[in-house]
Amino acid sequence: MSAVVYERRDVRRARYAVAAVFAVHGAVTGSFATRVPWIQDHAQLSAGQLGLALAFPAIGASVAMPLAGYVSHRLGARTAMRVLIALWTLALILPSLAPNLWTLCAALFVYGATAGMADVAMNALGVEVEARLGKSIMSGLHGMWSAGALVGSAAGTLAAHLGSDARLHHALAAATLTVLGLVACQWVLDIRATEDEEPPPRFALPPRSALLIGAVGFCAVFAEGAALDWSAVYLRDELATSAGLAAACTTGFMLTMAVARLVGDAVVNRFGAVRTVRASGVLAALGGVLIVVANHPAVAMAGFALMGLGIAVVVPLCFAAAGRSGSNPSLAIAGVATITYTSGLIAPSAIGGLAQLTSLVVSFGLVTVLACGLAVFAGVLRAGEGDRARISRPDAAVPDPKP
């Protein structure tokens, strides 16, 4: 990178731009999640078949995610982010077009591949901005993702309530979000590799420092994926609610996640990552218990809301801890991302498969057990807390890639 530096106001502007990209990314997920019941009915799938199909986004992400670093190396961070966010927003159109299981699996593979690459690129940009600002911002960025998901799910709830065709809904959402994403990318940091810098490997095993941190993220993402993909189905099938109320449950889950993430940086600075995650695990487990014992939609919706509150800050804290651990923070972050996406791969199919054999109530019993794991294993984030000073560089120079 060249020695020219960005002005500090440019770094702050880049922070808001990355936050907007996170929000756009989340809005795609929210738009999709609330229409899963419509997609299931359109493709005429059983719970087990839906669970199989919902594994394919994470399969696609796991396959394509290692390419994100290579794309950023070749194109530069800003251009890569533009390309990847546009591919992700446009991929929203595909699932609702699928008429059967196998076409839905293919559509969700592409959907997941574009999601994973865009996710890695925007988190890498977030880490860069955090280092240059010298303060924690990752929870807030993930809060913007949740806020975007909330907006997307709210629109999906309205569309479901009106009985609109998800194909039209997703086409309009994709067009809008593509424009917003491209506009936001105009102000992200345009970090470029020097001519003699070696490109990153297209595939690398997670380093040892990422494994335990990633295990905590695994539990959180499993619960998040289960709630996002199955909360609406749970209320519809187990508690016989309307499509609109079922979609509203997903919206409530995303609302609590958004609020918790937006205030998460202040909470972590006050109590530390370990105590925050332990308390979060208790809240998530309590939410799981309410879901399992619910005999009324309001109780289940409260359970999903508590679960969202409990797991909200865990993944951002895992990325932050990975960035402060080991000799190669970038590799550690990629390792944690791989582990969490593996959890996303397992969660939908595990929930659907177990539901096929038993019931969705039993499936969310498994989610509750994993939520308890957050409280038990939160201590592995302590090592990363000890190195917090590594990013406390308020006056750090920000490389400008322009020659």
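Residues numbered from 1 in each chain as written. Predicted model: local features only at pLDDT ≥ 70, side-chain atom pairs only at ≥ 80, totals over all residues. Heavy atoms only, no water.

Under an unreviewed UniProt entry, the name given to the protein is MFS transporter, and the organism recorded is Streptomyces ossamyceticus. Taken from UniProt, the Subcellular location (unreviewed entry) comment for the protein reads in full: "Cell membrane". (UniProt positions renumbered as here; feature names shortened; annotations may be inferred.)

J.: An account of the overall build of the protein is requested, with residue identities and associated values reported.
T.: Helix and strand counts for the protein stand at 19 helices and zero strands. Expressed as a percentage of the 403 residues in the protein, the buried residues total 55%. A separation threshold of at least 6 residues defines the contact pool for the protein, and within that pool the share at least 24 residues apart is 87%. (Helix = DSSP H or I, 4+ residues; strand = E, 2+ residues; numbered from the N terminus. Buried < 20%, exposed > 50% of the residue type's maximum accessible area, 1.4 Å probe, protein only. Contact = heavy atoms within 4.5 Å.)

J.: Residues and numbers for the layout of surface pockets, please.
T.: Computed from the structure, the second largest pocket encloses a volume of approximately 300 Å³. Taken together, 20 residues form the lining of the second largest pocket, with S31, V151, G152, A155 and A173 sitting closest to its centre. Secondary-structure elements contributing two or more residues to the lining of the second largest pocket are α1 (8–33), α9 (138–162) and α10 (166–184). Class assignment for the residues of the lining of the second largest pocket results in 13 nonpolar, six polar and one charged. (1 Å grid on protein atoms, 1.4 Å probe; cavity = no way out; pocket = protein on both sides within 12 Å on 5 of 7 lines; lining within 4 Å. Points joined across faces, edges and corners; volume = space filled by probe spheres on them. Nonpolar A, V, L, I, M, F, W, Y, C, P; charged D, E, K, R; others polar.)

J.: Hey, could you go over the side chain of T276 for me, with residue numbers and the actual values?
T.: Inspection of the secondary structure puts T276 in helix α14 (residues 273–293). Those residues within four positions of T276 in sequence are excluded, and the remaining contacts are V267, V268, F271, V313 and L317.

J.: Pulling in residues and values, what's your account of the nonpolar core?
T.: One finds M81, Y234, F253 and F304 to be the most contacted residues of the largest nonpolar core, which totals 118 residues. What F253 contacts, discounting residues up to four positions off in sequence, is E224, A227, L228, F304, A305, M307, G308 and I311. (Core = buried A, V, L, I, M, F, W, Y, C linked by side-chain atoms within 4.5 Å.)

J.: Describe helix α6 (residues 77–91), and please don't skip the residues or the numbers.
T.: With 15 residues, α6 extends 21 Å from end C-alpha to end C-alpha; this agrees with the ideal 21 Å at 1.5 Å per step. For α6, every residue scored as buried is listed here: A77, R78, A80, M81, L84, I85, A86, W88, T89 and A91. (Expected span 1.5 Å × (residues − 1).)

J.: Can you break down empty space enclosed by the protein residue by residue, with the values?
T.: Tallied over the entire structure, the rule returns three cavities of 30 Å³ or more. If you add up the space inside the largest cavity, you get close to 650 Å³. What lines the largest cavity is a set of 29 residues, among which W145, V221, E224, L228 and Y341 lie closest to the centre. Elements with a minimum of two residues in the lining of the largest cavity: α1, α4 (56–64), α8 (101–133), α9, α11 (208–238), α16 (314–323) and α17 (329–357). Ranked by the residues each element gives to the lining of the largest cavity, the list is headed by α8, at six residues.

J.: Talk me through the pattern of salt bridges; I want residue IDs and the actual numbers.
T.: Pairs can form between side chains of opposite charge once their charged atoms are near each other. Evaluated as defined, the whole model comprises seven salt bridges. Here R13 and D10 are joined by a salt bridge, their closest N and O atoms 3.3 Å apart. Placement of the pair is R13 and D10 together in helix α1, with a separation of three residues, close to one helical turn. For R236, the salt bridge is made with D237, and the minimal N-O distance between the two is 2.9 Å. (Salt bridge = Lys/Arg side-chain N within 4 Å of Asp/Glu carboxyl O.)

J.: Give me the lowdown on unusual backbone geometry, citing residues and values where you can.
T.: Glycine aside, residues mostly have negative phi, and peptide bonds are mostly found in the trans state. For Q44, which is not glycine, the phi dihedral falls at a positive 55°. Considering the arrangement of structural elements, one finds Q44 in the loop between α2 (36–43) and α3 (47–53). Positive phi, close to 55°, is recorded for A240, a residue that is not glycine.

J.: Please set out the packing of α1 against α6 residue by residue, giving values where relevant.
T.: Helix-helix packing is characterised by the crossing angle of the two axes and by the distance between the axes. Contact geometry for α1 and α6: axes closest at 10 Å, N-to-C directions at 20°. With respect to each other, α1 and α6 are oriented roughly parallel. Along this stretch, α1 crosses α6, giving a crossing that reads as left-handed. Each of V21, V24, H25, V28 and T29 in α1 lies in contact with α6, whose residues at this interface are M81, I85, W88 and T89. Looking at the contact of α1 with α6, its residues break down into six nonpolar, three polar and no charged. (Axes fitted to C-alpha atoms, helices over the stretch in contact; angles between N-to-C directions. Parallel < 35°, antiparallel > 145°, perpendicular 65-115°, else oblique. Left-handed = near helix turned anticlockwise from the far one by under 90°.)

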